[in-house]
Amino acid sequence: TGPCDYDAVDIEQRQRSAMLAILPKVVGNLYNTRWYNTTAQVGSVLGDEVDNSEKVVGDKDGEFIKLAVDNGTEYVKSLSFKGAPLNLRKLVQFAQQMPRLNTFKCYDCNAGGQPLPPKLHVAAPGMLRLVLENSGLAGSLPESWGNWPSLEELDLSSNSITGTLPEGFAALGNLTRLALRSNRLQGTLPTSWGQAKVM
């Protein structure tokens, strides 16, 4: 029906492969058949819809995948899960294949005491919201996440995160919500946070 946009085809193929091969390793056995069948068709779920069209798959008890069309290409924009076994190393690998992923939420998941991956901000430079509430996280807050300018919401409540608040988080000029309650953090607010400038 006309010339193909090879960039779009390549992007959609990479996303589809990641949804089928990597995402089930990120969230374990909660990746159900209905979602599998939908994400196997990434690139054709929204057909020839115009830009800014969106479709939500799932939306049962806060579990969903949001797909959207931007510049003629279908992208995975948002993922939300609940009660899943969570593999954070695979999340980094998955995010690298999702160029427009802006939201990842996993409530009441089980990361089994894994630390937060220090390179997640590199894998998901456009992430706006990261919510890993009550998900069995341990270790400290990565100082490197201070280099994540897109981040607007970070919710790591009810985990076992230790250490102090990173000075570098003062550079998160777009951050409007930071939730760290019910962790094992120590110390006071870094001086640099009082000098932070919100964009």
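Below is a short write-up of the structure. (Residues numbered from 1 in each chain as written. Predicted model: local features only at pLDDT ≥ 70, side-chain atom pairs only at ≥ 80, totals over all residues. Heavy atoms only, no water.)

### Topic: the pairing of strand β4 (residues 103-107)
Turning to step 1, where the next piece is worked out: The element β4 is extensively covered by neighbouring structure, given that four of its five residues are classed as buried.
Turning to step 2, where the next piece is worked out: In the classification by handedness, the crossover that spans strand β3 (residues 73-82), the intervening helix α4 (residues 88-95) and the parallel β4 is right-handed.
Turning to step 3, where the next piece is worked out: In this structure, β4 lies alongside strand β5 (residues 129-131), joined through three bridges in parallel fashion. What sits directly across from T103, in β5, is R129. (Buried < 20%, exposed > 50% of the residue type's maximum accessible area, 1.4 Å probe, protein only. Helix = DSSP H or I, 4+ residues; strand = E, 2+ residues; numbered from the N terminus. Right-handed = clockwise from strand over helix to strand, strands pointing away. Pairing = 2+ DSSP bridges.)

### Digging into unusual backbone geometry
Turning to step 1, where the next piece is worked out: At D108, a residue that is not glycine, the phi angle is positive and equals roughly 55°.
Turning to step 2, where the next piece is worked out: Mapping D108 onto the fold places it in the loop between β4 and α5 (120-123).
Turning to step 3, where the next piece is worked out: Non-glycine residue S158 carries a positive phi angle of around 60°.
Turning to step 4, where the next piece is worked out: Within the secondary structure layout, S158 lies in the loop between β6 (153-155) and β7 (162-163).

### Focus on α4
Turning to step 1, where the next piece is worked out: Looking at α4, one finds that the buried residues are L88, L91, V92, F94 and A95. On an axial view of α4, the arc spanned by its buried residues comes to 165°, and they lie on one face.
Turning to step 2, where the next piece is worked out: With a side-chain oxygen positioned 3.1 Å from the backbone nitrogen of R89, the residue opening α4 is N87. (Arc of directions from axis to C-beta. Polar contact = N/O pair within 3.5 Å; in protein donor to acceptor, adjacent residues only side chain to side chain.)

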